[in-house]
Amino acid sequence: PAMLDTSKNSTTVRSSSTSPKKQNLAALRLVRAGLQTAFALSDGLGASLAERLFTSPRRHDRPDRERAILATGRPFEVVVHLRSPRWAGATTKVAAWRWGTGPAVLLVHGWEGRGSQLGAVIEPLVAAGLSVITFDAPAHGDSPGSRLYLTDQADAIADVVAAVGPLHATISHSFGTAAVLLAYARHGIDAPLNVAISPNVLIDEAVTRFAKLITLDDTERRVFEGHLAQASGIGIDALSLSALVTRR
C-alpha cells in the first residue's frame with residue numbers, strides 16, 4: 001500500500017521552491033525515524049505502528065466521470081461482518097450500486113480505489129443482458145472506516161454476494177483480485193467466470209517492499225508480520241498465490 005505520500009493532506013505551509021518529491025522524501029524520513037524510535041522502545045509498539053501504516057489507505061476524491069457513472073446505477077448498502085480478530089465481530093456498511101437485471105457480474109476495485117473505477121465495462125455488460133454490481137470497500141470511496149485488511153475486503157465481497165445472489169462473473173483489479181481469491185478460499189463464493197485486470201496477488205512481495213521502504217530489519221519485519229497475522233487472522237504464507245489458488 002502506498003501510505004507515505006502526504007502531499008494532499010499536509011498542513012505544512014509550502015514554499016514554491018519545495019517540490020512534492022522533496023516533501024514526500026522528508027515525510028518518509030520522519031516516518032522511518034518514528035518507527036525506529038517506536039521499535040527501540042518496544043517491539044510491540046513498533047509493530048503496531050507499522051501495521052497501522054500498512055493498513056491505512058488514502059481516500060481519493062471521486063472524479064466527475066465516476067460520479068456520472070454512479071448516477072445511472074441503483075444505490076444500496078450492504079452490512080459487512082468483519083471476521084478479523086482485530087474487529088472482534090464488529091460490522092460496518094459498504095456503499096454499493098447495481099445496473100441492469102440479468103445474471104450478476106461483480107466489480108471489485110483495488111487498494112485506494114473505488115468501485116466506479118471499473119465503470120467503463122458497465123454499459124457493454126448491461127447491453128449484453130447482464131447486471132453489474134460494484135461497491136466501495138471499507139475505508140474507500142463512500143464507505144466508512146480508516147483501516148482495511150485483505151481479509152476485510154474478502155469479507156465485504158462475501159457479504160455483497162450474499163446480498164445480491166449467485167454470480168455469473170467477477171471482474172477485479174489489482175489488490176481486489178487477491179481479495180476475490182481469498183473470498184473464494186474463506187467464504188466459498190463462486191462464479192463461472194473470473195477476470196483479473198493487472199492483478200496484484202503477491203501479498204508477500206507487497207509486505208517485503210513495505211518493510212524495505214520503512215527500513216525494517218529482519219527481526220523487526222518478523223515482528224511486524226506476526227502482528228499483522230494476529231490482527232487479520234491469517235498469516236502471510238496463507239496469502240501466497242499458490243496457497244490461494246490451491247484452496248480455490
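Above: the structure in question.
For every chain, the first residue of the written sequence is number 1, and numbering continues from 1 along that sequence. Confidence filtering applies because this is a predicted model: local features only for residues at pLDDT of at least 70, side-chain atom pairs given and counted only at 80 or more, and all residues used for totals across whole chains, interfaces and linings. Note: side-chain values were computed over all heavy atoms of the structure, leaving out hydrogens and water.

Enquirer: Pulling in residues and values, what's your account of helix α1 (residues 20-41)?
Expert: The periodicity of an α-helix, 3.6 residues per turn, causes residues three or four positions apart to be oriented the same way. By the criteria applied, helices consist of DSSP H or I runs no shorter than four residues and strands consist of E runs no shorter than two, each listed in order from the N terminus. What a helix should span is 1.5 Å times the count of its residues minus one. Helix length check: α1, at 22 residues, gives a terminal C-alpha distance of 32 Å against a target of 32 Å (1.5 Å per residue), a fit within 8%. All of the buried residues along α1 are Q23, A27, L28, L35, A38 and F39. Buried residues of α1, seen end-on, are gathered within an arc of 140 degrees and therefore sit on one face of the element. Away from its buried face by more than 90 degrees, α1 exposes K22, R29, L30, A40 and L41. Tucked inside the fold, the buried residues of α1 contact α2 (43-54), α7 (203-213) and α8 (218-232). Exposure categories follow from relative accessible area, calculated using a 1.4 Å probe and restricted to protein chains: below 20% of the type maximum is buried, above 50% is exposed, and the middle band is partly exposed. Read the arc as the range of directions from the helix axis to the C-beta atoms. Two residues qualify as a contact provided that any one of their heavy atoms is within 4.5 Å of a heavy atom in the partner residue.

Enquirer: Residue-level account of the packing of aromatic side chains, with values.
Expert: Pairs were defined over the aromatic rings of Phe, Tyr and Trp, the Trp ring being its six-membered one, requiring ring centres within 6.5 Å. Orientation was assigned from the angle between planes: stacked under 30 degrees, edge-to-face over 60, tilted for the rest. One pass over the full model with this rule turns up five aromatic pairs. With centroids separated by 5.7 Å and ring planes inclined at 80 degrees, the aromatic side chains of F54 and F224 adopt a geometry described as edge-to-face. Residue F54 is located in helix α2, and its partner F224 is located in helix α8; the two are separated by 170 residues in the primary sequence. Of the two residues, F54 and F224, neither departs from the other in class, the shared state being buried.

Enquirer: Provide a residue-level description of the pattern of salt bridges, including the pertinent values.
Expert: Between Lys or Arg on one side and Asp or Glu on the other, a salt bridge is scored when a side-chain nitrogen of the former is within 4 Å of a carboxyl oxygen of the latter. The full count for this structure, using the stated rule, is 11 salt bridges. Between E66 and R62 there is a salt bridge whose closest N-O contact spans 3.9 Å. Each member of the pair, E66 as well as R62, carries the same accessibility label: buried. Each of R62, E66, R114, D136 and D142 takes part in a single network of salt bridges with overlapping partners.

Enquirer: Could you give an account of α2, naming the residues involved and the relevant values?
Expert: In this model, α2 (12 residues) spans 16 Å end to end at C-alpha, consistent with the 16 Å of a helix rising 1.5 Å per residue. Within the sequence span of α2, burial applies to G46, A47, A50, E51, L53 and F54. Down the axis of α2, the sector holding all buried residues measures 160 degrees, keeping them to one side. Of the surrounding secondary structure, the elements contacted by the buried residues of α2 are α1, α7 and α8.

Enquirer: Requested: an account of the sheet that holds strand β3 (residues 104-108), with residues and values cited.
Expert: Strand pairing is defined by DSSP finding a minimum of two bridges between the two strands. The strand order across the open sheet built from six strands is β1-β2-β4-β3-β5-β6, with neighbouring strands paired in mixed fashion. The sheet terminates laterally at β1 (74-81) and β6 (193-197), the two strands that pair on one side only. Geometrically, the sheet is characterised by an average inter-axis angle of 25 degrees between neighbouring strands, direction not taken into account. Where β3 lies against strand β5 (residues 167-173), five bridges are found, and the strand directions are parallel. Its bridge partner lying in β5, L106 is registered against T170. Axis definition: a line fitted to C-alpha atoms, limited for helices to the stretch in contact. Angles are taken between N-to-C directions and run from 0 to 180 degrees. On the sheet, helix α6 (residues 175-187) packs against β3, β5 and β6 and is oriented at approximately 140 degrees with respect to β5.

Interpretation in functional terms is not warranted from these geometric data alone.
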